[in-house]
Amino acid sequence: MRFKPRPFTEPVSFRCLYCLDCCRGRHVYLTLKDIERLMRAGEDPEEFLTIFIEGGKVHFVLSVREWDLGCVFHDPETGKCRVHAVRPAICRIYPFMVSKRPLGVEGEKPFNYRGQTLWLYYDESCPGVNAEEPETTIAPEEIAELGIEFERELERTDVDGLLGLLK
């Protein structure tokens, strides 16, 4: 199932139900910080890193299994992430989304955070959003902060930085 954006303007309760949708068939962009964190946890970049070229810029994405397009860190038996404690920033953001412009979704409104105007959304198709017996409550400020950090780190991510990590 694809991302179905709904405006995120108030705190939302959440509990991962291990539906597996977020771990399959998606490009998960990696920053140098993500790659370094995974390497420090003992993961081999040859096993998890794929180079992806988009708009003339090199990006790094998580590798996927060929047989189901699932993330290489996703355990298909348990539905859980093997690297959850050190998971990439984009995985920490999902099922939420941060945009610098409106998507044209009914009820959306700008969210001003640290001098930036953002539009925040959550994936209404994610069964963990507003689930019974939530594990946590997530505030728009938390997601805005993660989104800003992710964008800043993604801009700094390049081939030279990766080569420096691999030395």
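Here, the structure is the one placed above.
Right, let's walk through the structure included here.

Thoughts on the overall build of the protein
Scanning the protein from terminus to terminus reveals five helices and nine strands. Across the protein, helices and strands are ordered from the amino to the carboxyl terminus as β-β-β-α-α-β-β-α-β-β-β-β-α-α. Scaling as 2.2 N^0.38, a compact globule of 167 residues should have a C-alpha radius of gyration of about 15 Å, and the protein matches this with 16 Å. In terms of its C-alpha atoms, the protein occupies a principal-axis envelope of roughly 45 × 40 × 25 Å. Relative to its 167 residues, the protein shows a buried fraction of 38%. Considering only contacts within the protein whose residues lie at least 6 apart along the sequence, 71% involve residues at least 24 apart. Surface accessibility of the protein: about 10000 Å² in total, with carbon and sulfur atoms responsible for 51%. One finds the centroid of the 22 positive side-chain charges in the protein at a distance of 2 Å from the centroid of its 29 negative side-chain charges.

Digging into the sheet that holds strand E4 (residues 49–54)
Strand pairing within a sheet occurs via backbone hydrogen bonds; the two strands may be parallel or antiparallel. Spatial ordering of the open sheet is given by E3-E5-E4, a layout of three strands whose pairing is antiparallel. Of all strands in the sheet, those bounded by a partner on one side alone are strand E3 (29–30) and E4. Bridging between E4 and strand E5 (residues 57–62) involves six bridges; their strand directions are antiparallel. Paired with Phe52 across the strands is His59, a residue of E5.

Thoughts on the nonpolar core
Among the nonpolar cores identified, the biggest contains 22 residues, and Phe8, Phe96 and Ile143 are the most heavily contacted of them. Among the secondary structure elements, those contributing two or more residues to this core are strand E2 (12–14), helix H3 (89–93), strand E7 (111–113), strand E8 (116–123) and helix H4 (140–156). No other element matches H4, which puts six residues into this core. Sequence-distant contacts of Phe8, that is, excluding residues within four places in its chain, are made with Phe96, Leu120, Tyr121, Tyr122, Ile138, Ala139, Pro140 and Ile143.

Looking at the packing of aromatic side chains
Note on aromatic pairs: each is described by the distance of the centres and the angle between the planes. As enumerated under the stated definition, the model contains six aromatic pairs in all. Ring centres 6.3 Å apart and planes at 90° place the aromatic pair Phe8 and Tyr122 in the edge-to-face group. Taken together, the positions of Phe8 in the loop between strand E1 (5–7) and E2 and Tyr122 in strand E8 put the pair 114 residues apart, joining distant regions of the chain. Like Tyr122, Phe8 is buried. When the ring of Phe96 is compared with that of Tyr122, the centres are 6.5 Å apart and the planes differ by 65°; the resulting orientation is edge-to-face. Linking Phe96 in strand E6 (residues 96–99) with Tyr122 in strand E8, this pair joins segments that are 26 residues apart in sequence. By relative accessible area, which is 4% here, Phe96 ends up buried.

Describing the pattern of salt bridges
Tallying each qualifying case throughout the model produces 10 salt bridges. For Arg24, the salt bridge goes to Asp68, with nearest N and O atoms at 3.8 Å. A residue pair is termed long-range when its members are at least 10 positions apart, and Arg24 in the loop between E2 and E3 and Asp68 in the loop between E5 and H3 qualify at 44 residues. Between Glu43 and Arg82 there is a salt bridge, with its nearest N and O atoms 3.7 Å apart. A residue pair is termed long-range when its members are at least 10 positions apart, and Glu43 in the loop between helix H1 (32–40) and helix H2 (45–48) and Arg82 in the loop between E5 and H3 qualify at 39 residues. One continuous salt-bridge network, built from bridges that share partners, spans Arg24, Arg65 and Asp68.

Rules used in this analysis
- Residues numbered from 1 in each chain as written.
- Predicted model: local features only at pLDDT ≥ 70, side-chain atom pairs only at ≥ 80, totals over all residues.
- Heavy atoms only, no water.
- Helix = DSSP H or I, 4+ residues; strand = E, 2+ residues; numbered from the N terminus.
- Rg over C-alpha atoms; globule rule 2.2 N^0.38 Å.
- Buried < 20%, exposed > 50% of the residue type's maximum accessible area, 1.4 Å probe, protein only.
- Contact = heavy atoms within 4.5 Å.
- Areas by Shrake-Rupley, 256 points an atom, 1.4 Å probe, with all protein chains shown as cover.
- Lys, Arg positive; Asp, Glu negative; His and termini not counted.
- Charge placed at Lys NZ, Arg CZ, Asp CG, Glu CD.
- Pairing = 2+ DSSP bridges.
- Core = buried A, V, L, I, M, F, W, Y, C linked by side-chain atoms within 4.5 Å.
- Phe/Tyr/Trp six-rings, centres within 6.5 Å; stacked < 30°, edge-to-face > 60°.
- Salt bridge = Lys/Arg side-chain N within 4 Å of Asp/Glu carboxyl O.

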